[in-house]
Amino acid sequence: MTKQLSLLEQICYSTTRIECEKPNGDKGTGTGFFFSLKIDDEKSIPMVVTNRHVAEGMAKGRFKLTKSDKDGNPNLTDHFTLDFSKDFDKMWTYHPDPNIDLCAMPIGQLVSAAKQMNANLFYRTFDNNIIPNKQQQEELDVVEDILMIGYPNGIWDSHNNMPIIRKGTTATHPNIDYNGKKEFMIDAACFPGSSGSPVLLYNNSGYSTKNGGFNIGAARLYFLGILYSGPQHTATGELQVVNVPNLQVPMTFSRIPNNLGIVIKSEKVLDFLPIFKQKFNL
């Protein structure tokens, strides 16, 4: 019997924990999320998206994915692990602008590898339809409620293969380009392993409007962007803006997070469309 999952429960299956290793043996974790890149009304390319700095320069990588049972429900304690033992960084397609910290990998090979081992995967994808359009963007206010799904400090529910969900708010206007870039800031705890986490605007039972009104009982879910960096203080008091690190290695000085994160706007995921259309002759 197929179980009815709530919207939030389904969101918990939209990400995957990415374990990676450099040629020198340094290991780290990051967050990837599933996105169906719409080509037309009938075709789309399912892919996993993360930050460039999570995958670039990595020799090895691993995904752990949830299997589905015979009824199509998630099997919480039965997982499929896929290991890449070399050239993990070459499996990704990087954003054409090197200043935009994104990369993507079509998941066809992940699904095929699972099927060859008689495993069906359970996952949920975001798509173009929940990226706010121009009208929806103009309705956003400076402070909006957000959720961030990922694996801070590599923490997760390993038994059930479930991510950690953080709550916060936007810290700069999501409809304004922060410092002239397709970015905005959030007020949420951002730790190593959160790199690549999707940031969602989510209202469950109503929300305020910019003009002072209130939509009673209405729900909203928008895919706003992808976390990639944040300002941090050093122990000496210096303020630096750094990528949210995926590698957890010893440092010669202490970095103190500000609980602020910089988010790439979700529309930049659409920049992969012409690349994959050409690559797959679509």
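Glancing now at the pairing of strand β11 (residues 183-187). Side-chain positions along a regular strand alternate between the two faces of the sheet. Within β11, 4 of the 5 residues are buried, leaving the element largely enclosed by the surrounding structure. Sheet topology note: the strand β10 (residues 164-170)/β11 ladder contains 2 bridges and is antiparallel. Bridging from a neighbouring strand, Thr170 pairs with Ile186 of β11. Bridge count for β11 against strand β18 (residues 260-265) is 5 bridges, and the pairing is antiparallel.

By the secondary structure assignment, Leu221 is in strand β15 (residues 220-234). Its relative accessible area of 18% is what places Leu221 among the buried residues.

This next bit is on the packing of aromatic side chains. One pass over the structure, following the stated rule, counts 13 aromatic pairs. Taking 6.3 Å as the distance between ring centres and 50° as the angle between the ring planes, the aromatic pair formed by Phe63 and Trp92 counts as tilted. Of this pair, Phe63 sits in strand β4 (residues 60-68) while Trp92 sits in the loop between β5 (74-84) and β6 (93-94), and the two are 29 residues apart along the sequence. Trp92 shares its class with Phe63; the two are buried. Judged by centre distance (5.7 Å) and plane angle (40°), the rings of Phe84 and Phe88 are tilted. The buried category is assigned to Phe88, whose relative accessible area is 0%. Its guanidinium or amino end placed over the ring of Tyr207, Arg220 lies 3.7 Å from that ring's centre, counting from NZ or CZ.

In this fold, Gly25 is placed in the loop between β1 (15-21) and β2 (27-38). Spatially, the C-alpha atom of Gly25 lies 25 Å from that of Thr15, the residues being 10 residues apart in sequence.

We now examine the pairing of β10. The sheet contact formed by strand β9 (residues 145-150) and β10 spans 6 bridges and is antiparallel. Bridging from a neighbouring strand, Ile146 pairs with Gly168 of β10.

What follows is about the nonpolar core. The biggest cluster of nonpolar side chains holds 28 residues, and the ones touching the most others in it are Phe33, Phe35, Met47, Leu102, Phe223 and Val269. Of all the elements in the fold, those that place two or more residues in this core are β2, β3 (44-50), β9, β12 (198-203), β15 and β18. The element contributing the most residues to this core is β15, with 4 residues. What Phe35 contacts, discounting residues up to four positions off in sequence, is Ile45, Pro46, Met47, Val49, Thr125, Phe126, Asp127, Asn128, Ile131, Phe223, Val269 and Leu270. Listed in part, the 22 residues of the second largest apolar core include Cys20, Val48, Phe80 and Phe84.

All right, on to the side chain of Thr66 then. Residue placement: Thr66 occurs in strand β4. Given the relative accessible area of 4%, Thr66 is considered buried. Within polar-contact distance, the side chain of Thr66 engages the side chain of Asn161 at 3.0 Å. Excluding residues that lie within four positions of it along the chain, Thr66 makes contacts with Tyr13, Pro74, Asn75, Asp78, His79, Asn120, Leu121, Phe122, Asn160 and Asn161.

Quick notes on the rules
For every chain, the first residue of its written sequence is number 1, and the numbers climb from 1 along that sequence. Only residues with pLDDT of at least 70 get local features here, since the model is predicted, and only at 80 or more are side-chain atom pairs given and counted; chain-wide, interface and lining totals rely on the full set of residues. Computation of side-chain values covers all heavy atoms of the structure but excludes hydrogens and water. Each residue is assigned to one of three classes by its accessible area relative to the maximum for its type, calculated with a 1.4 Å probe on protein chains only: buried under 20%, partly exposed between the two thresholds, exposed over 50%. We count a stretch as a helix when DSSP gives it H or I for four or more residues in a row; a strand needs E for two or more, and each element gets its number in order from the N terminus. The pairing criterion for strands is at least two bridges between them, as found by DSSP. Only centres within 6.5 Å qualify two rings of Phe, Tyr or Trp (six-membered ring in Trp) as a pair; their planes then separate them into stacked at under 30 degrees, edge-to-face at over 60, and tilted for everything else. For a lysine, the NZ atom is tested; for an arginine, the CZ atom; a charge sits over a ring if that atom is within 6 Å of the ring centre and within 35 degrees of the ring normal. Take the buried Ala, Val, Leu, Ile, Met, Phe, Trp, Tyr and Cys residues and link them wherever side-chain atoms come within 4.5 Å; each set so joined is a nonpolar core. Contacts between residues were defined by any pair of non-hydrogen atoms, one from each residue, lying within 4.5 Å. Whenever two N or O atoms come within 3.5 Å, that pair is a polar contact, provided that in protein one can donate a hydrogen and the other can accept it, and provided that, for residues adjacent in sequence, both atoms are side-chain atoms.

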